[in-house]
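# Secondary and tertiary structure notes
Single-letter residue listing:
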Amino acid sequence: MTPRRRVLVVDDDASIRQFLRVALTDRGYDVIAAEDGQAALDAIQDNPPHIVLLDMRMPVMDGWAFAAVYRERPEPRAPIVVLTAARDAAQYAGEIQAAAFLAKPFDLRSLLRVIAELVGS
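Computed from a predicted model, the values in this text were never measured in an experiment.

Moving on to the overall build of the protein chain. Helix and strand counts for the protein chain come out as five helices and five strands. Reading the protein chain from its N end, one meets helices and strands in the order β-α-β-α-β-α-β-α-β-α. For a compact globule of 121 residues, the expected C-alpha radius of gyration is about 14 Å, and the protein chain comes in at 13 Å, within 12% of that figure. Its C-alpha atoms put the protein chain at 35 × 30 × 25 Å along the principal axes. Expressed as a percentage of its 121 residues, the buried residues of the protein chain come to 46%. A separation threshold of at least 6 residues defines the contact pool for the protein chain, and within that pool the share at least 24 residues apart is 61%. With an accessible surface of roughly 6400 Å², the protein chain has 50% of that area assigned to carbon and sulfur atoms. Looking at the protein chain, you have 14 positive and 17 negative side-chain charges, and the mean spots of the two groups are 6 Å apart.

Here it is as structure tokens:
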């Protein structure tokens, strides 16, 4: 039996966190949700994710700061997918060397395809 893939959702919007938790759990993923980068780092201390879905503009610790600290952590490190409402999604993804990006509002099928491509289903 293949272990379930763990997805870290980092977004300050509670409705997005809840939507992704339900949608991804229904499709067989384990979901860890955090409202900012610092909460995310704390949440994955003992349970590293297989993929990170990251908003960029958040209070406490934004996506840029999260990515910088996360990349300094020992392996394993998961690919990061930027999810942002900003028009500069591609630029933001490039700045943090993300594996992919999706602009909000995103299509769930597109997100699921990106996750499957990066970590399998």
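The alternating pattern of strand β5 (residues 100-103) places A100 and L102 on a buried face, while none of F101 and A103, on the opposite face, is buried. Where strand β4 (residues 80-84) and β5 come together, four bridges link them in parallel fashion. Opposite V82, over in β5, you have F101 as the bridge partner. After leaving β4, the chain enters helix α4 (residues 89-95) and then returns to the sheet as β5, a path that is right-handed.

A few words on the sheet that holds β5. Taken in spatial order, the five strands make up an open sheet running β2-β1-β3-β4-β5, and their pairing is parallel. Across the chains shown, the open sheet's two edge strands, defined by having one partner strand only, are β2 (30-34) and β5. Ignoring which end each strand starts from, the neighbouring axes of this sheet average 20° apart. Looking at chain direction, strand β1 (residues 6-10) and β2 are connected through five bridges and run parallel. Considered in β2, the bridge of R6 is made with D30. Helix α3 (residues 63-72) rests against β1, β3 (51-54) and β4 of the sheet, and its axis sits at about 160° to β3. Of the strands in this sheet, β3, β4 and β5 touch helix α5 (residues 108-119), which is tilted by about 145° from β3.

Thresholds, definitions, all that
Residues numbered from 1 in each chain as written. Predicted model: local features only at pLDDT ≥ 70, side-chain atom pairs only at ≥ 80, totals over all residues. Heavy atoms only, no water. Helix = DSSP H or I, 4+ residues; strand = E, 2+ residues; numbered from the N terminus. Rg over C-alpha atoms; globule rule 2.2 N^0.38 Å. Buried < 20%, exposed > 50% of the residue type's maximum accessible area, 1.4 Å probe, protein only. Contact = heavy atoms within 4.5 Å. Areas by Shrake-Rupley, 256 points an atom, 1.4 Å probe, with all protein chains shown as cover. Lys, Arg positive; Asp, Glu negative; His and termini not counted. Charge placed at Lys NZ, Arg CZ, Asp CG, Glu CD. Pairing = 2+ DSSP bridges. Right-handed = clockwise from strand over helix to strand, strands pointing away. Axes fitted to C-alpha atoms, helices over the stretch in contact; angles between N-to-C directions.

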